[in-house]
Amino acid sequence: MVAVGVLAAVSLFACSTPERRTGDVEDIRGSGELRVATRPGFRTARRAGGGDDGEAAILSELASRIGVGVVWIEAERHDQVLQMVRDGLADIGVNRFSPASLLQGGIRGTVAVDWVEDLLVAGRNSPFDGFGSVSGATVHIHRSGVTASLRSFLDEEGLTVEEVPEEVPIEEMLRRVRTGRYDLTIVDSITAEREQAARRMEIIGPVAELRAVVWAVREDS
């Protein structure tokens, strides 16, 4: 009936369309699986011991407590994750969301699973060494990651925003910053500090106050 433990199954959103289900925990138990929609690159980050690995461990523990397996459904685009949850194609959405980013119809955030700062970062050999040196530079970021408050902050610093296609993983954005293709990007402090520890990135500074990281679920779930 219900599987015990964690099933390390992986589904690709591009390959098949999951069954639509919009029920609660009892329906998840009945199905035998917890469907988790993730951002592009999530699996790659986990294999490399990245910042998403902690979230994967918490989700696996949650599924084990419910008595079901985890089905990872990696979206092709960052901006698909919320819609997959809203449409019942997934039960939980994972994309380093903040509570403020989930104030939209039919979706709400869970309790905090982590706390981070969003940081402006540059490549190790870049000419930038602080906010005083970045005016006129370009920040590359996904459209789904640009909030009104962030745009206001970047305008104040004299920074231009250039949108990155939503299918480009965070890891690839960072690689492009490291190689000089992009001037700057914005990542959470866990990711930024890991890159800095590997001597691959320079942290310019925070673009917002400390915030919670939450998962997205349906309001009526």
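Read on for an overview of the structure. Bear in mind that the values here come from a model prediction, so they are computed numbers and not experimental data. (Residues numbered from 1 in each chain as written. Predicted model: local features only at pLDDT ≥ 70, side-chain atom pairs only at ≥ 80, totals over all residues. Heavy atoms only, no water.)

Along the chain, the regular secondary structure elements total 7 helices and 12 strands. Residue pairs at least 24 apart in sequence account for 76% of intrachain contacts in the chain once pairs closer than 6 positions are excluded. (Helix = DSSP H or I, 4+ residues; strand = E, 2+ residues; numbered from the N terminus. Contact = heavy atoms within 4.5 Å.)

A complete count under the given rule lists 16 salt bridges for this structure. Between Arg211 and Asp118 there is a salt bridge, with the nearest N and O atoms lying 2.8 Å from each other. Pair noted here: Arg211 is in strand 12 (residues 211-218) and Asp118 is in strand 7 (residues 118-123), with a separation of 93 residues, a long-range link. Asp118 matches Arg211 in its accessibility class, with the two residues each being buried. Note that Glu172 and Arg175 form a salt bridge whose closest N and O atoms lie 2.8 Å from each other. In this pair, Glu172 and Arg175 are both assigned in helix 6 (residues 170-178), 3 residues apart and thus about one turn of the helix distant. By relative accessible area, Arg175 is classed as partly exposed at 35%. (Salt bridge = Lys/Arg side-chain N within 4 Å of Asp/Glu carboxyl O. Buried < 20%, exposed > 50% of the residue type's maximum accessible area, 1.4 Å probe, protein only.)

Right, let's get into the environment of Ile190. Looking at the element boundaries, Ile190 is found in helix 7 (residues 189-197). Overall, the relative accessible area of 27% leaves Ile190 in the partly exposed class. When the C-alpha atoms of Ile190 and Glu117 are compared, they prove to be 8.2 Å apart, with 73 residues separating the residues in sequence.

Sheet architecture is open: 5 strands sit in the order 9-8-10-7-11, paired in mixed fashion. Each edge of the open sheet carries a strand with a single partner, namely strand 9 (160-164) and strand 11 (201-206). Taken over all neighbouring pairs, the strand axes of this sheet differ in orientation by 40° on average, direction set aside. Relative to strand 11, strand 7 runs antiparallel, the two sharing 5 bridges. Across the sheet, the residue bridging to Leu119 is Pro206, located in strand 11. The strands touched by helix 5 (residues 148-156) are strand 8 (138-142), strand 9, strand 10 (184-188) and strand 11; relative to strand 9, the strand with the most contacts, the crossing angle is about 135°. Here helix 6 sits on the sheet in contact with strand 7, strand 8, strand 9, strand 10 and strand 11, set at roughly 140° to strand 10. (Pairing = 2+ DSSP bridges. Axes fitted to C-alpha atoms, helices over the stretch in contact; angles between N-to-C directions.)

So, about the pairing of strand 10. Across the 5 residues of strand 10, 5 count as buried, placing the element largely inside the fold. Going residue by residue along strand 10, you find Leu184, Ile186 and Asp188 tucked away on one face and Thr185 and Val187 tucked away on the opposite face as well. In terms of strand pairing, strand 8 meets strand 10 through 2 bridges, oriented parallel. Of the residues in strand 10, the one forming a bridge with His140 is Thr185.

Time to look at the packing of aromatic side chains. Enumeration over the complete set of coordinates arrives at 2 aromatic pairs. Centroid distance Phe42 to Trp72: 5.6 Å. Interplanar angle 35°. Geometry classified as tilted. Of this pair, Phe42 sits in helix 2 (residues 42-47) while Trp72 sits in strand 3 (residues 69-74), placing them 30 residues apart in sequence. Neither residue differs from the other here; Phe42 and Trp72 are each classed as buried. (Phe/Tyr/Trp six-rings, centres within 6.5 Å; stacked < 30°, edge-to-face > 60°.)

Now for helix 5. Among the residues of helix 5, Leu150, Phe153 and Leu154 are the ones counted as buried. The arc that holds the buried residues of helix 5, viewed along the axis, is 95°, so those residues lie on one side. Structural note: helix 5 exposes Ala148, Ser149, Asp155 and Glu156 on the side pointing more than 90 degrees away from its buried face. Contacts from the buried residues of helix 5 go to strand 8, strand 9, strand 10 and strand 11. Where helix 5 terminates, the next one or two residues include Gly158, which has phi positive at roughly 75°. (Arc of directions from axis to C-beta.)

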